[in-house]
Amino acid sequence: MDGVDRFSLLLLEPGEIYFEDFAAVYILPEESANNNDGWEEKFEDGLLRGRLKVCSKSLVFDPRDIRAPIIKFPFRTFNSVVESKTTRTNELLYSEGEKSVVEVTCSMTVEMLEGGVLQPYKFCREDHKHKFQLIYAEVTTVLPQICQLQRASTLPPNDQNTMIQAIVRSRQSRQKFDRSLLGDLSETEVFETKANKVTPLVTNPGTVLLTTSMLYFQPHNNADKQYPVIRIGLPDIRQIIKRRYLLRQVGLEVFCRDQCMVKHLFLTFKESEDRENLYKLLTEQEKVNVDDMRQDNMSYQWQAGAISNYDYLCYLNSQADRSENDLTQYPVFPWVLANYVSESLDLTDPAIYRDLSRPIGALNEERLKRLKERCKDMPEPRFLYGSHYSTPGFVLFYLVRQYPQYMLCLQNGRFDHPDRMFNSLAETWFNVTSNPSDFKELIPDFYNLDGSADFLVNSLRINFGVRQNGKPVNDVELPPWAKDPRSVIKIMREALESEYVSNNLHQWIDLLFGYKQNGEEAEKADNLFYHLCYEGSVDLTAITDLNDRLALEVQITEFGQVPKQLFTKPHPRRSRSYGLYDSLHLSDVLEGELDSVEDSAECEENCERGASLEVQNLWQRLTDLQQLHECKVHRDVILGVAFTTDAKQVMSVAQDSLIKVFTVPKLEQMRSVRMSSMATSCCLHLPGTDVAVVGSWDNNVYTYSQEYGEVCLLLEAHCDAVSCIQWNKNVLITGSWDCTARAWSVKNGAGNSPGNEENQRGSRNLMSALSVGQNIICEMDHDSPILCLALHPEGSLLATGNQDGVLTLWLLPDGDLVHQLNCHEGSVNTAVWSAVDDRILTGGEDGQLTIIEAYQGTKICAHSLQENVRCAAWEGRLVIAGGESGDVIVFDMGTGLVIKRFPAHNGPITCLAVSPDNRHLATGSEDRKVILWGLHS
């Protein structure tokens, strides 16, 4: 019967502080000892051994014998607390004669966990005298502390709160970290401060100590027997996130790796400065190496299909200061399914889903109309919804079966009325779409395949009462389409990851975390809540009256808090097409398990739909890429490679001033022509012709016709070397070391289409037209030499990359500046437009690959290859990059992982190109080799 630790801070009132405890014997009141109906009759001598706990609002006696309940004696019910004498003893007390005891006379006690059974608390409202004999401590030492706290409870509310806070501060100020608890006495101390450890419904004060090796938290009491001190090795820290707590920026949550003694530690501080100091010093420690969880990367990973809808929503909740440790800001997930009555579900049918573009309160037009009418008659600040979509009560509404102790804590020792509990998914959905005051969303537990289904099952066999229909509250009633609790979670997760939800989830993100969260856009979207739900609505630190402040904190806690706003512009939708590569399940490919993946039904379907494409399109089988041929025919560094538009030939240019043309796939040399007196730096093929356009370090641009073997000067283009060229729709773009980019209108009489009547007169006429018809459209000045160009497929936007790491976006044809972004530390070496949206991939000297959203001018993804990136090609999530190592690197921008490295050249890869039919890759290098890559059938 002994040795069971039942005490928990959840047994105290919200905000109550547990200070310390003492070994004691509880001398039962004689009236209760003679009670033949209660638990007292089990203790014939009327004595209980246990611990007397001194708290800020009560005394709590925790008996060792679990047959007896834990008993709370609220100070507000005390009539007196004095020192008295007793002669009653037991075998533990060897002294003879009278002994001093703490005598409490009170009008109410609260009995909890009798027999270890979790059930509603028993409130005993009778006047009794209770005596506690302290075993080791002196009554004269302990009694003044109790009396001081009891006196505080007799004061008016304002004075009571002020006095209790003063007592708490005085006690805590005397607490210092116990240096004997250090893991290594040679550790160097960096920072020490006071903080509260936050767990659901509980804040426990303690001392935080940061050393060069560890982060410690030592509670100021012994409430947590499992962890008298929390030790987190700095290398074990996975993430450090600043948190909002009660609408104030005073929280910090530390997430740990698997081997650590705790998974996470949520701390709050009295002032934001303490939080900022710890965060700064913690992140500066050499041993701290946190995971890359930047918002831009995660958003792109979700859009690219690299992470699930579930994982992305978990991430957004975390970024928006929502934590499972804080029930006032518990993670919020959407209702996705709108059908809880059918026998089966077709997850491809849009009709079974909730409209994710509207808040839960706006799904019912009739209800919304009534709410709007009420809102019109309100004084400012007006609100549409009288309750929130997430509060501690709503969270525990769902979780009461799994965590009944939380509900008892939140509701002063009682469960909710049986008919108001979470009895049925169908009933709950009906209520949130029809009840005028019920707008709650779901919690992640409904979609977590790795979690427990216990919240749907009364596995603890708790007596929650009987409903009006005569049925006892037991397990949650499941929808007909679910056979058991686990299947509910499985089907709801499948629905969350469905195509319909993937295509529409961005709209719900706009409502909860984005630009429709507050202000004018929230009003337009029928998404307006009570003003205290929003950060910035009230400055709690400016409220000097403690009681006013506590009242606001309670209101904020109970009413709900809108997440921190993460996006101020519409959130991009998820990409609808990830390509065949994604359907092969990237994680399995990375683990070398392609064979097993190819057996999947999804893969078979894709293969049946386009087996020939799988063989031919190298983007779909990049891990199978092979060297087909190589040749070393240049006498100097190769600077550019390009395929002809029919993909039958590949050309290269180099510092030896030559252009060479090879057959595909045998890589046999067909042509070798000197273009200028200096290095040829870049080349491209004009569609529908046999003409190549070549840039040179002699500042000029040339044309070369294979048919006639003729080289012509096209442009005296710049005052310094031409470094890069682009062509689209009779517009030629040139970039130069003279820090300018120029757009030229080439009045091509031949046209670009192979079927054009004028084109059939031959490439000689074309070259003649090119050489005499050029006009400069615009000139774009830069602060450093231009190293790369990328022209939008539609020809409307131009991206230029500079030697100083700046990517600049220009609007054509006028050359107006759109955005200027510092993308890299060091030069921007390559830039590539996406084929399906307005995004640019850049590679730089700093080893970074970045993705830029063009029209917003924002970096949405960045990953490091740990080497100078000289050139790249891009398709969907996948990048083929060449760098200093000489390897061809296949990289997934979604996961941020190198999929495969192909040893290729003996020097840095300077240029690469993918053929127009996506069947071949050509690479050129400082080792003077051209290599052709492809797939074997």
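As a reminder, the structure under discussion sits directly above these lines.
Computed from a predicted model, the values in this text were never measured in an experiment.

(A) Broad picture of the environment of Thr348. Take Thr348: it is sitting in the loop between α6 (309-319) and α7 (365-376). Under the relative-accessibility criterion, Thr348 is labelled exposed at 66%. Taking the C-alpha atoms as reference points, Thr348 and Ser498, 150 residues apart in sequence, are found 7.5 Å from one another.

(B) Spotlight on empty space enclosed by the protein. In the structure shown here, the tally under the stated rule is two cavities of 30 Å³ or more. Its boundaries defined by the atoms lining it, the largest cavity holds a volume of some 50 Å³. Around the largest cavity sit Pro359, Ile360, Gly361, Tyr385, Tyr389, Phe439, Glu441, Leu512, Asn527 and Phe529, which together line it. By residue class, the composition of the lining of the largest cavity is seven nonpolar, two polar and one charged. As a volume, the second largest cavity reaches approximately 40 Å³. Along its surface, the second largest cavity is lined by Val332, Tyr389, Ser390, Thr391, Phe394, Val395, Tyr398, Glu441, Leu442 and Ile443. For the lining of the second largest cavity, the per-class residue count stands at seven nonpolar, two polar and one charged.

(C) Spatial organisation of the side chain of Lys440. Its place among the elements puts Lys440 in the loop between α10 (425-432) and α11 (485-496). Here Lys440 falls in the buried class, since its relative accessible area comes to 6%. Side-chain polar atoms of Lys440 contact the side chain of Asp438, separated by 3.0 Å. Residues within four places of Lys440 in sequence aside, it is in contact with Trp335, Ile360, His388, Tyr389, Phe394, Phe397, Tyr398, Thr428 and Val432.

(D) Representation of the packing of helix α2 (residues 139-154) against helix α3 (residues 157-173) in the model. Here α2 crosses α3 at 150 degrees, and the two axes come no closer than 8 Å. Regarding the angle of α2 to α3, the classification is roughly antiparallel. In this structure, α2 uses Gln145, Gln148, Leu149, Ala152 and Ser153 to contact α3, whose residues at the interface are Gln160, Met163, Ile164, Ile167 and Arg171. Class assignment for the residues of the contact of α2 with α3 results in five nonpolar, four polar and one charged.

Cut-offs applied
Residues numbered from 1 in each chain as written. Predicted model: local features only at pLDDT ≥ 70, side-chain atom pairs only at ≥ 80, totals over all residues. Heavy atoms only, no water. Helix = DSSP H or I, 4+ residues; strand = E, 2+ residues; numbered from the N terminus. Buried < 20%, exposed > 50% of the residue type's maximum accessible area, 1.4 Å probe, protein only. 1 Å grid on protein atoms, 1.4 Å probe; cavity = no way out; pocket = protein on both sides within 12 Å on 5 of 7 lines; lining within 4 Å. Points joined across faces, edges and corners; volume = space filled by probe spheres on them. Nonpolar A, V, L, I, M, F, W, Y, C, P; charged D, E, K, R; others polar. Polar contact = N/O pair within 3.5 Å; in protein donor to acceptor, adjacent residues only side chain to side chain. Contact = heavy atoms within 4.5 Å. Axes fitted to C-alpha atoms, helices over the stretch in contact; angles between N-to-C directions. Parallel < 35°, antiparallel > 145°, perpendicular 65-115°, else oblique.

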